[in-house]
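# Architecture at a glance
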Amino acid sequence: MSLDQNKTPLFDAIIAYTKRDIAPMFMPAHMMGRAINPKWTDFAGENIFKMDICEVDGLDDLNEPDGVIMEAQRLAAQAWAAKESFFMVNGTSGANIAAICSVVSEGETIIVPRNCHKSVIYGLIISGAVPVFAFPDVSDELGLIGGMDPAEIERVYGEHPEAKAVLSVVPTYHGVYSDLNAISEIVHMRGGVHMVDEAHGNHVYFHDKYPAGGLRCGADLVTQSTHKVSGSLSQSSMVHVNSDRIDLDRLRFNLQMAQNTSPSALLEVSLDLARHYMAVQGEGVLQRVYNLVEYGKAEIESIEGFSVLDRRIAGSCHIFDMEPGRLVISAKDLGVTGYALERALIDDYGIQIEFSDNFYVVCMVGLGGTRSDLDRLIAACREISVRHKGEAPLAKWRNKLPKMAEAVMTPRQAYVSQTEKIPWEDACGRISAEMIVPYPPGIPAICPGERINDEILRFLGDQNEQGRHLHGIHGGTLDMVRVVK
């Protein structure tokens, strides 16, 4: 049955409620904005706080929807061409945890990319599942994590035929796509479930110049950060189910477990309105974004010492495609790291970018991107080029990642064990209780439950001395590490 994508059932219901003559005697305590600090209302106005209401008459219950939320979710399912869709107010991190717990249980095996988001590790901790890690390709030339080779998934399945599921991460922060069709085919031939963490890719369904999303490539379950690229409020996401391989009752229970029992109506409404915006205007809006990014790439490529990543690298390093709606910029030929470029852009030019690593900065040109923003970035890059002209280029990044450590425990077993903090230099032979991820390339060198060996000790020590960003440890520097006691 075709639904009318012009409808916004949840938004309409909340607006109607705010216009009723209501004596509010319910939470939250500000009572529809009556007791909000004036400093806030002076800036934000009053109407937004009238909408901060939760599970009152006529507004449905996110955890057991049977009214306007159910209708809004059905509209989302049709917009993204899924069988069923669910709103999340605890981000895609909560969605990934719920999804993993719905597909694998304690002791069951799941194939996971080594460059997965940390929320996937949290899902492994809660579910008790046994991860088998598959490694994406890494380009030394580009200093970039490439795509996942379908043959690598086939190889890992050959060693672990008991695996119940495979998780893919597409696109990456840099916009890299793997061949999801090929991976789905392999997974389904093995009788498994293909899950896709599509946090950065929920917009691609609304324009044919963008890559095909997981739901169009045979994935069974897809998690998406609607707020990242489709215009909802921060922390609002969706989960889409695309096949009968997913136990919907189990998924519903786990979604309830992974998110708030007093969900924010503002986040829910923002999902309803983002769906409406993308379904009704998405093609035109994304065409404008596409044109802006193409303009930005051409201008920045013309600046001496600057380069951009785009679809020209598809086909190398098992990169199936690149997401065309973001600017991934490097000044490595000027001897400027991505970290230094980010610092200069914010400190000297007031330009806040999304992400940086040793070689690149990632600039999001979202639905609200403007030509003036891009011109400001281009002018800044021109000045930086002049300032660093003649400096030695950065050395190529060499993939010296150590071999994966011995998995002694599952992430859950390491989590529930007693742990202690010890000096890093004393950690050889100990079982890590945390994940340590050097950037670049963004692949964990050690995960919870793995034994720290001499090679990893030396590798991470070298990374620390070079000033590389180490995610997953307190303070980002290698001093103390938490290990199983």
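You'll find the structure just up there.
Attention in this report is confined to the structure presented alongside it. Just so you know, these numbers come straight off a predicted model, no measurement behind them. (Residues numbered from 1 in each chain as written. Predicted model: local features only at pLDDT ≥ 70, side-chain atom pairs only at ≥ 80, totals over all residues. Heavy atoms only, no water.)

### Let's talk about the overall build of the protein chain
Test applied: Counting from the N terminus, the helices are the DSSP runs of H or I reaching at least four residues and the strands are the DSSP runs of E reaching at least two. In this description the radius of gyration comes from C-alpha coordinates, and the expected globular size is given by 2.2 Å times residues to the power 0.38. Exposure classes here rest on a 1.4 Å probe applied to the protein chains alone. A residue is buried below 20% of its type maximum, exposed above 50%, and partly exposed in between. By definition in these notes, contact holds between two residues if any of their heavy atoms fall within 4.5 Å. Using the Shrake-Rupley algorithm and a 1.4 Å probe, accessible areas are obtained, with residue cover drawn only from the displayed protein chains. Positive charges come from Lys and Arg alone, negative charges from Asp and Glu alone, with His and the N- and C-terminal ends not counted. Taken as the charge centre is NZ of Lys, CZ of Arg, CG of Asp or CD of Glu, depending on the residue.
Helix and strand counts for the protein chain stand at 15 helices and 19 strands. Relative to the 2.2 N^0.38 estimate, which gives 23 Å for 485 residues, the radius of gyration of the protein chain is 23 Å and therefore close to what a compact globule would have. Dimensions of the protein chain along its principal axes, counting C-alpha atoms only, are 70 × 55 × 45 Å. Taking all 485 residues of the protein chain together, the buried fraction comes to 56%. Across the protein chain, contacts joining residues at least 24 apart in sequence account for 71% of those joining residues at least 6 apart. Carbon and sulfur atoms make up 50% of the accessible area of the protein chain, which totals about 21000 Å². Of the charged side chains in the protein chain, 44 are positive and 64 negative; the average position of the first set lies 2 Å away from that of the second.

### Focus: the packing of helix H1 (residues 9-18) against helix H4 (residues 68-79)
For clarity, the cut-off: Axis angles are defined between N-to-C directions and span 0 to 180 degrees, where every axis is a line fitted to C-alpha atoms and, for a helix, only to the segment in contact. Just so you know how the angles are binned, under 35 degrees is roughly parallel, over 145 roughly antiparallel, 65 to 115 roughly perpendicular, and the rest oblique. For this classification, Asp, Glu, Lys and Arg are treated as charged, while Ala, Val, Leu, Ile, Met, Phe, Trp, Tyr, Cys and Pro are nonpolar and the rest, including Gly, are polar.
Two elements in contact, H1 and H4, have axes whose closest approach is 8 Å; the angle formed by their N-to-C orientations is 150°. With respect to H4, the element H1 is oriented roughly antiparallel. Between H1 and H4, the contacting residues are Pro-9, Leu-10 and Ala-13 on the first element and Val-68, Ile-69, Glu-71, Ala-72 and Leu-75 on the second. A breakdown of the residues in the contact of H1 with H4 according to their chemical character gives seven nonpolar, no polar and one charged.

### A word on the state of the cysteines
The condition that has to hold: Throughout, disulfides are identified as pairs of cysteine sulfur atoms within 2.5 Å of each other.
Within the structure shown, the criterion is met by zero disulfides. Cys-116 takes part in no disulfide bond, and the closest cysteine sulfur to it belongs to Cys-447, at a distance of 6.6 Å. For Cys-116, a relative accessible area of 8% corresponds to the buried category.

### Details of empty space enclosed by the protein
Under the convention used in this document: Only protein atoms enter the calculation, which uses a 1 Å grid: trapped sets of points that fit a 1.4 Å probe without letting it out are cavities, open sets showing protein on both sides within 12 Å along at least five of seven lines are pockets, and any residue with an atom within 4 Å of a point is a lining residue. Grid points are joined across faces, edges and corners, and a volume is the space filled by probe spheres set on the points.
Applying the stated criterion across every chain, the model contains four cavities of 30 Å³ or more. Together, 19 residues line the largest cavity, and Pro-113, Met-148, Ser-168, Val-169 and Ser-178 are the ones closest to its centre. Listed by contribution, the elements that provide at least two residues to the lining of the largest cavity are strand S2 (109-113) and strand S6 (165-169). Considering each element in turn, the lining of the largest cavity owes the most residues, four residues, to S6.

### Considerations on the packing of aromatic side chains
Remark: the centre distance and the inter-plane angle together describe each pair of aromatic rings, the angle taken between the planes. Quick reminder of the rule: Side-chain rings of Phe, Tyr and Trp, where Trp is taken by its six-membered ring, are said to pair if the distance between their centres is within 6.5 Å; with planes under 30 degrees apart they count as stacked, over 60 as edge-to-face, and otherwise as tilted. Placement of a positive charge over a ring is assigned whenever Lys NZ or Arg CZ falls within 6 Å of the ring centre and within 35 degrees of the normal to the ring plane.
Summed over all chains, the structure comprises five aromatic pairs. Note on Phe-359 and Tyr-360: the rings are 6.3 Å apart at their centroids and 75° apart in plane angle, and the pair reads as edge-to-face. This pair shows no difference in class: Phe-359 is buried, exactly as Tyr-360 is. A cation over a ring is seen here: Arg-114 above Phe-133, with NZ or CZ 4.5 Å from the ring centre.

### Some remarks on the sheet that holds strand S15 (residues 360-364)
Applied cut-off: A pair of strands is labelled paired if DSSP reports no fewer than 2 bridges between them.
One open sheet accounts for four strands, arranged S11-S13-S15-S14; its pairing is antiparallel. Bordering the open sheet on either side are strand S11 (307-309) and strand S14 (355-356), each of which pairs with just one other strand. Bridge count for strand S13 (residues 326-330) against S15 is five bridges, and the pairing is antiparallel. Bridge pairing links Ile-329 to Val-361 in S15. Its contacts with the sheet place helix H11 (residues 265-301) against S11 and S13, and it is angled at close to 10° to S13. Strands S13, S14 and S15 of the sheet are contacted by helix H12 (residues 338-349), whose axis makes an angle of about 45° with S15.

### Here we look at the environment of Tyr-157
Mapping Tyr-157 onto the fold places it in helix H7 (residues 150-159). Along the chain, Tyr-157 and Ile-110 lie 47 residues apart, while their C-alpha atoms are 9.9 Å from each other. With residues near it in sequence (within four places) discarded, Tyr-157 still touches Ile-111, Ala-163, Ala-165, Val-166, Ile-186, Val-187, Arg-190 and Gly-192.

### With respect to the nonpolar core
Quick reminder of the rule: By convention a nonpolar core is built from buried Ala, Val, Leu, Ile, Met, Phe, Trp, Tyr and Cys residues, the set being connected through side-chain atoms within 4.5 Å.
Ile-300, Phe-306, Leu-327, Ile-329, Leu-341, Leu-345 and Leu-377 are the most contacted members of the largest nonpolar core, which has 69 residues in total. The set of elements that each furnish at least two residues to this core consists of H1, H4, H11, S13, H12, S15 and helix H13 (371-387). A total of twelve residues in this core trace back to one element, the largest contributor, which is H11. Those residues within four positions of Phe-306 in sequence are excluded, and the remaining contacts are Ile-300, Glu-301, Ile-329, Ser-330, Ala-331, Leu-334, Leu-341, Cys-381, Ile-384 and Ser-385. Of all hydrophobic cores here, the second largest spans 51 residues; its members include Ala-99, Ile-110, Val-112 and Met-435.

### Focus: the pattern of salt bridges
For clarity, the cut-off: Salt bridges are defined by distance alone: a side-chain nitrogen of Lys or Arg within 4 Å of a carboxyl oxygen of Asp or Glu.
Scanning the entire structure with this criterion turns up 26 salt bridges. Here Asp-249 and Arg-252 are joined by a salt bridge, their closest N and O atoms 3.4 Å apart. One end of the pair, Asp-249, and the other, Arg-252, are both in helix H10 (residues 248-258), three residues apart, so they sit about a helical turn from each other. Several salt bridges converge on common partners, so that one network encompasses Glu-84, Asp-249 and Arg-252.

### Some words on the environment of Gly-461
Assignment of secondary structure puts Gly-461 in helix H15 (residues 454-465). Placed 18 residues apart in sequence, Gly-461 and Asp-479 show a C-alpha to C-alpha distance of 9.6 Å. Contacts of Gly-461, omitting those with residues within four sequence positions, involve Trp-424 and Leu-478.

### Some words on the pairing of strand S10 (residues 237-241)
With five of its five residues buried, S10 lies for the most part within the structure. In this structure, strand S1 (residues 84-88) lies alongside S10, joined through five bridges in antiparallel fashion. Bridging from a neighbouring strand, Phe-86 pairs with Val-239 of S10. Inspection of the sheet shows strand S9 (residues 221-224) paired to S10 by four bridges, in the antiparallel sense. If you follow Gln-224 over to S10, its bridge partner there is Met-238.

### Side note on the layout of surface pockets
Here the largest pocket is characterised by a volume of approximately 1100 Å³. Lining the largest pocket are 45 residues; nearest its centre among them are Asn-115, Cys-116, His-117, Lys-118 and Tyr-439. Those elements that provide at least two residues to the lining of the largest pocket are helix H5 (91-103), helix H6 (118-127), strand S5 (144-145), helix H9 (226-229), helix H14 (411-416) and strand S17 (437-439). With five residues, H6 is the single largest residue contributor to the lining of the largest pocket. Here the lining of the largest pocket is built from residues that sort into 21 nonpolar, 17 polar and seven charged.

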